[in-house]
Amino acid sequence: MIVTASHNPKEYNGLKMTFNRQSLTEEQIKTVKELTEEILKNDNGYRQVITGYVKKYDIVASFFLIADNINDESEKIVKECIAHGCEICNHAKTHSHMQTFTADEVREEIEYTDRAIEKITGYKPRFFRPPYIDVSQTMYDTINLPFICGIHGEDWEDSILAKERAEMILSQACDGSIILMHDFTDNDETVKALDIVIPELLAQGYEFVNISDLFKDGGVEPTVHSGIVYSNIHDTEPREPLC
């Protein structure tokens, strides 16, 4: 999931975050356990828990969906996100290492996911996050969406605990930056990190917005076919393709 935030005093400042589940109070543990038993155990796994925390802090987020993980349960969660004002974006069909794909294979990954998301949301995704942030010149040439990455706390590493994840993110955060976090099943430390990161950024005067609004309010038109993989809306340097 990705949340964008802007700094509210006089000038616009943007910050976008993708996050995972958050730490829970004792009173919520039983409810969450019952809830998670009903959620598909895949990359969409704890999105409903996260949605609860988006509401808790009264913020919005942007979710990058894997089409093959969409089912009846996750579709309900996505609709809850949309109702709360969140944005839904493209994370490919199969979450493969797409840098080895042909143009036709790349196109199928994107178009299939676009159709799946549009069926739920009523609109086509406006942004794409490449799985593993693996990119190729074929992907740059074929995909008609801006590529998104983000600063992060290495939250795919089990050995890195919540406090360290939060500290890494907060130390990198600046105007226009994008924060990447993951909501895969059992990523508890990222959930805990959210209860550090979100209140701190709010205390610093940041306002969370969707990715589309992050670029729009920042006066930036995101580019396509340029090789830029945005970790900050002001990025201008292309990312070297792997092949």
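Details of the structure are given in the entry above.
Read on for an overview of the structure. For clarity, every value in this text was computed on a predicted model and none was experimentally measured.

## With respect to helix α7 (residues 188–203)
Here α7 contains 16 residues, and its C-alpha end-to-end distance of 24 Å stays within 8% of the 22 Å for a straight helix at 1.5 Å per residue. The largest bend in α7 comes to about 25°, at Leu 194. Here α7 has its buried residues at Glu 189, Thr 190, Val 191, Ala 193, Leu 194, Val 197, Ile 198 and Leu 201. Positive backbone phi, at 100°, marks Gly 205, one or two positions downstream of α7.

## Some words on helix α3 (residues 72–83)
Over its twelve residues, α3 runs 17 Å from end to end, which matches the ideal 16 Å to within 8%, given 1.5 Å per residue. Within the span of α3, buried status applies to Ser 74, Ile 77, Val 78 and Cys 81. Down the axis of α3, the buried side of the element spans an arc of 100°, and every buried residue falls inside it. Looking at α3, the residues exposed on the side facing more than 90 degrees away from the buried face are Asp 72, Lys 76 and Ala 83.

## Quick notes on unusual backbone geometry
Look at Asp 58: it is not a glycine, yet its phi comes out positive at around 55°. Inspection of the secondary structure assignment puts Asp 58 in the loop between α2 (47–56) and β3 (62–65). The phi angle at Ile 133 is positive, at roughly 55°, despite the residue not being glycine. Within the secondary structure, Ile 133 is located in the loop between α4 (103–121) and α5 (137–142).

## Examining a negative patch on the surface
On the surface, a cluster of negative charge is contributed by Glu 154, Glu 157, Asp 158 and Glu 164. Assignment of secondary structure puts Glu 164 in helix α6 (residues 162–172).

## Some details on the packing of α6 against α7
At a minimum axis separation of 8 Å, α6 and α7 run at an interaxial angle of 40°. Between α6 and α7, the crossing angle belongs to the class labelled oblique. In this structure, α6 crosses over α7, and the sense of that crossing is right-handed. Across the interface between the two elements, Ala 162, Lys 163, Arg 165, Ala 166, Ile 169 and Leu 170 from α6 touch Glu 189, Thr 190, Lys 192, Ala 193, Ile 196, Val 197, Glu 200 and Leu 201 from α7. Here the residues of the contact of α6 with α7 are counted per class, giving eight nonpolar, one polar and five charged.

## Concerning the environment of Glu 164
The exposure class of Glu 164 is partly exposed, given its relative accessible area of 41%. Residues Glu 164 and Glu 189, spaced 25 residues apart in sequence, show a C-alpha to C-alpha distance of 9.5 Å.

## What to know about the packing of aromatic side chains
For the coordinates displayed, the defined rule picks out four aromatic pairs. An angle of 80° between the planes, with centres 5.2 Å apart, marks the rings of Phe 128 and Phe 147 as edge-to-face. Of this pair, Phe 128 sits in the loop between α4 and α5 while Phe 147 sits in strand β5 (residues 147–148), placing them 19 residues apart in sequence. Accessibility expressed as a relative area gives 3% for Phe 147, which makes it buried. Between Tyr 140 and Phe 147, the aromatic rings sit 5.3 Å apart at their centres with planes inclined by 55°, giving tilted as the arrangement. Phe 147 carries the same exposure label as Tyr 140, and that label is buried. These aromatic residues form a ring-pair network of at least three members: Phe 127, Phe 215 and Tyr 230. Seen from the ring of Tyr 112, Lys 93 lies directly overhead, with NZ or CZ sitting 4.7 Å from the centre.

Criteria and thresholds
Numbers given to residues run from 1 along each chain, matching the order in which its sequence is written. At least 70 in pLDDT is required for a residue's local features to be given in this predicted model, at least 80 for side-chain atom pairs to be given and counted, and no such filter applies to totals for whole chains, interfaces and linings, which use all residues. With hydrogens and water excluded, all non-hydrogen atoms of the structure serve as input to the side-chain values. Secondary structure follows DSSP: runs of H or I at least 4 residues long count as helices, runs of E at least 2 residues long count as strands, and numbering of each begins at the N terminus. In this scheme, a helix's expected span is set at 1.5 Å multiplied by one less than its residue total. Note on bend: the value at a residue is the angle between axes fitted to the seven residues ending there and to the seven starting there. Remark: exposure states derive from per-residue accessible area (1.4 Å probe, protein chains only) relative to the maximum for the residue type, with buried under 20%, exposed over 50%, and partly exposed in between. Here the arc refers to the directions that run from the helix axis out to each C-beta atom. Patches here are clusters of residues that have more than 30% relative accessible area and form no salt bridge, with a 9 Å joining cutoff for like charges and a 5 Å cutoff for nonpolar side chains (Val, Leu, Ile, Met, Phe, Trp, Tyr). Each accessible area is a Shrake-Rupley estimate made with a 1.4 Å probe; only the visible protein chains count as cover when residues are assessed. Throughout this description, the term salt bridge denotes a Lys or Arg side-chain nitrogen within 4 Å of a carboxyl oxygen of Asp or Glu. Here Asp and Glu are counted as negative and Lys and Arg as positive; His is not counted, and neither are the chain ends. One atom stands in for each charge, and that atom is NZ of Lys, CZ of Arg, CG of Asp or CD of Glu. Here an angle of 0 to 180 degrees is reported between the N-to-C directions of two axes, which are lines fitted to C-alpha atoms, with helices fitted over the stretch in contact. Note that the term roughly parallel is reserved for angles under 35 degrees, roughly antiparallel for angles over 145, roughly perpendicular for angles of 65 to 115, and oblique for everything else. The handedness criterion is simple: a crossing whose near helix is rotated anticlockwise from the far helix by less than a right angle is left-handed, and one whose near helix is rotated clockwise is right-handed. Contacts are assigned to residue pairs that have any heavy atoms within 4.5 Å of one another. Polarity classes work like this: nonpolar for Ala, Val, Leu, Ile, Met, Phe, Trp, Tyr, Cys and Pro, charged for Asp, Glu, Lys and Arg, and polar for all others, with Gly in that last group. Pairing of aromatic rings covers Phe, Tyr and Trp, the last through its six-membered ring, and needs centres within 6.5 Å; plane angles under 30 degrees mean stacked, over 60 mean edge-to-face, and all others mean tilted. A ring has a charge above it when a Lys NZ or an Arg CZ is no more than 6 Å from the ring centre and no more than 35 degrees off the ring normal.

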